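Remarks on the overall topology
Residue strings, one per chain:
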Amino acid sequence: MANKAGVIVVAAGKGSRMGTTESKQYLKLQDKPIIIHTLEVFERSSIVGEIVMVTGAEDVERCRDWVKQYGLTKVVHVAAGGRDRQESVLNGLQHLTTEWVMVHDGVRPFVTQDHIQQCYDTAVEAGASVLAVPVKDTIKQVNPNRQIIGTPDRSSLWAIQTPQTFRRSDLLDAHQHAEQQDFRGTDDAMLVERLGITVAVVEGSYTNIKITTPDDLDYAAYLLERKGESHI
Ligand SMILES: Nc1ccn([C@@H]2O[C@H](COP(=O)(O)OP(=O)(O)OP(=O)(O)O)[C@@H](O)[C@H]2O)c(=O)n1
Ligand SMILES: C[C@](O)(CO)[C@H](O)COP(=O)(O)O
C-alpha cells in the first residue's frame with residue numbers, strides 16, 4: 001500500500017474515573033500494560049505505517065523503554081500530552097506526515113483488524129470516518145435538576161468510538177480552527193464536522209470498550225481471555 005496510515009494513540013490522561021494511583025492506561029491486563037495491548041493491535045495492522053504514542057510528560061521515558069521492550073517498531077515518536085485529549089491529539093499530530101491519520105484512544109485495546117481496515121477504507125472513500133455502534137438504551141436529555149427535558153429519536157443515535165480517521169490536512173485545520181475559537185471537543189470528529197466536512201460512520205462492535213471505570217477492568221480481562229481463545 002503506497003500511503004499507509006499514521007496513527008495517534010492518545011494515552012496522556014489521568015484516569016480519574018478509574019480511581020487508581022497508576023493511570024489506567026498503564027494498568028496491566030495479563031501482565032502487560034493496557035496501552036501496550038492497544039499499540040500491538042496497530043503494530044500488527046498492514047495499513048499502518050507509523051504510530052505516534054502520546055503520553056504524560058512524566059511517562060515519556062518509561063513509554064520509550066516499553067516501545068523497545070515490546071518491539072513496537074512502528075512507533076516513530078512518543079510525545080507528551082496536553083491539558084485535555086484535544087491538545088494531546090494536536091501534540092501527536094505534529095509528528096505525523098502521512099496523508100491519512102487515525103486517532104485512537106489508548107484505553108481501547110479491543111479494536112479489531114477488520115474494523116481498522118474498514119475505518120481506513122471508508123475514510124479514503126468518504127473523506128472521514130468514525131467507528132461507532134447504535135445505542136441500545138433509550139437516551140434522554142436531563143436538566144441540572146435531574147428532570148427529563150427530552151428524548152431524542154433513538155434510531156438516529158450512535159455511541160461513537162475510535163479510531164477516527166481523517167486526512168491529516170483536514171484534522172490539522174480542524175484543530176487550528178478550534179484553537180482559534182477556543183472550542184473544546186470530546187472527540188476529533190466534532191472539530192472536523194465544524195469545518196463542514198462529512199464524517200461517515202463505520203459500524204463497530206460493542207466490545208470495543210473504552211476502559212474508564214473499575215468495572216470495565218473485569219470485563220476487559222474477560223474479553224482478553226476470550227480473544228486469546230479465538231486468536232483474533
Ligand atoms: N489530557 C488527556 C486526556 C485524555 N487522554 C486520553 O484520551 C483517551 C480517552 O480519554 P478518557 O477515557 O477520558 O481518559 P482520562 O481522561 O484519563 O479519564 P478520566 O476522564 O476518567 O480522567 C485516553 O486514552 C486518555 O489517556 C489524553 O491523551 N490526554
Ligand atoms: C473519543 C471518544 O472515545 C469517543 O467516544 C470519547 O469522546 C472520549 O471521551 P473521554 O471523556 O476523553 O474518554
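Residues numbered from 1 in each chain as written. Chains lettered and ligands numbered in written order. Predicted model: local features only at pLDDT ≥ 70, side-chain atom pairs only at ≥ 80, totals over all residues. Heavy atoms only, no water.

**Points about the overall build of the protein chain**
Cut-off, in case you're wondering: Here a strand is any run of E in DSSP of at least two residues, a helix any run of H or I of at least four, and the numbering for each starts at the N terminus. Each radius of gyration reported is based on C-alpha atoms, and the globular scaling rule is 2.2 Å times the count of residues to the power 0.38. Here the term buried applies to any residue with accessible area under 20% of the maximum for its type, exposed to any over 50%, and partly exposed to those in between, with areas from a 1.4 Å probe on protein chains only. We call two residues in contact when some of their heavy atoms are within 4.5 Å. Surface exposure here means Shrake-Rupley accessible area, sampled with a 1.4 Å probe, where a residue is shielded only by the protein chains that are shown. The sign given to each residue is positive for Lys and Arg and negative for Asp and Glu; His and the chain ends receive no count. Working definition for charges: the position is that of NZ of Lys, CZ of Arg, CG of Asp or CD of Glu.
Within the protein chain, the secondary structure is distributed over 7 helices and 11 strands. Relative to its length of 232 residues, the protein chain is compact, with a C-alpha radius of gyration of 17 Å against a globular reference of 17 Å. Oriented by its inertia axes, the alpha-carbon framework of the protein chain measures out at about 50 × 40 × 35 Å. Looking at the protein chain residue by residue over its 232 residues, the buried ones come to 50%. Of the contacts formed within the protein chain by residues at least 6 apart in sequence, a portion of 73% connects residues at least 24 apart. If you sum the accessible surface of the protein chain, you get close to 11400 Å²; carbon and sulfur atoms cover 49% of it. Distance between charge centres in the protein chain, computed from 25 positive and 31 negative side chains, equals 2 Å.

**Quick look at the pairing of strand β6 (residues 100-105)**
Stated formally: Pairs of strands are assigned from DSSP output, requiring at least two bridges between the strands.
Burial of β6 is extensive: 6 of the 6 residues sit out of reach of the surface. On β6, burial covers both faces: W100, M102 and H104 on one face and V101, V103 and D105 on the other are all buried. When strand β1 (residues 5-11) meets β6, the two strands line up parallel, connected through 5 bridges. Paired with V9 across the strands is H104, a residue of β6. Bridge count between β6 and strand β10 (residues 158-167): 4 bridges; the pairing is antiparallel.

**Details of the UniProt feature "site: Positions MEP for the nucleophilic attack" (unreviewed entry) in the protein chain**
The cut-off we apply is this: UniProt positions are given in the numbering used here, feature names are shortened, and annotations may be inferred rather than shown by experiment. Buried and open spaces are told apart on a 1 Å grid over the protein atoms alone, a cavity being a set of points where a 1.4 Å probe fits but cannot get out and a pocket being an open set with protein on both sides within 12 Å along at least five of seven lines. Residues with an atom within 4 Å of a point are the lining residues.
On the UniProt side, "site: Positions MEP for the nucleophilic attack" (unreviewed entry) is annotated at positions that read R154 and K210 here. Restricting the annotated residues just mentioned to those that line the largest pocket leaves K210. For R154, a relative accessible area of 40% gives the class partly exposed. Excluding anything up to four places from it in sequence, R154 contacts V135, K136, D137 and T138. With respect to the secondary-structure elements, K210 resides in the loop between β11 (200-203) and α7 (214-230). Residue K210 is classed as partly exposed on the basis of its relative accessible area, which comes to 28%. Discounting residues that sit within four places of it in the chain, K210 has contacts with R17, D105, V107, R108 and D216.

**Points about the layout of surface pockets**
Under the convention used in this document: Grid points are joined across faces, edges and corners, and a volume is the space filled by probe spheres set on the points. Note on residue categories: nonpolar means Ala, Val, Leu, Ile, Met, Phe, Trp, Tyr, Cys or Pro, charged means Asp, Glu, Lys or Arg, and polar means any other residue, Gly included.
Taken as a whole, the largest pocket spans an internal volume of roughly 780 Å³. Lining the largest pocket are 30 residues, and of these G13, R17, R85, D105 and K210 lie nearest its centre. Mapped by element, the contributors of at least two residues to the lining of the largest pocket are β1, α3 (85-93) and β10. In terms of residues, the lining of the largest pocket owes the most to one element, β10, which gives 4 residues. Split by residue class, the lining of the largest pocket holds 6 nonpolar, 14 polar and 10 charged.

**Structural notes on the packing of aromatic side chains**
Quick reminder of the rule: Pairing of aromatic side chains here covers Phe, Tyr and the six-membered ring of Trp, requires ring centres within 6.5 Å, and sorts the geometry by plane angle: under 30 degrees stacked, over 60 edge-to-face, intermediate tilted.
Following the criterion strictly, the structure yields 2 aromatic pairs and no others. Residues Y26 and W66 carry aromatic rings whose centres are separated by 5.7 Å and whose planes lie at 50 degrees to one another, so their mutual orientation is tilted. In this pair, Y26 is assigned in the loop between β1 and β2 (28-29) and W66 in helix α2 (residues 60-69), connecting sequence segments 40 residues apart. Here the aromatic rings of Y219 and Y222 are separated by 6.1 Å at their centres, their planes lie at 15 degrees, and the arrangement is stacked.

**With respect to the UniProt feature "site: Transition state stabilizer" (unreviewed entry) in the protein chain**
According to UniProt, the positions carrying the feature "site: Transition state stabilizer" (unreviewed entry) are R17 and K24. Lining residues of the largest pocket, restricted to the annotated ones just named, are R17 and K24. With respect to the secondary-structure elements, R17 resides in the loop between β1 and β2. A residue is classified by how much of its surface remains accessible, and R17, at 57% relative accessible area, is exposed. Not counting the four nearest positions on each side in its chain, R17 is found in contact with K210, T212, T213 and P214. Within the fold, K24 resides in the loop between β1 and β2. Classification of K24 by relative accessible area gives buried; the value is 10%. Not counting residues within four places of it along the chain, the set of residues in contact with K24 comprises G15, M18, I34, V107, I211 and T212.

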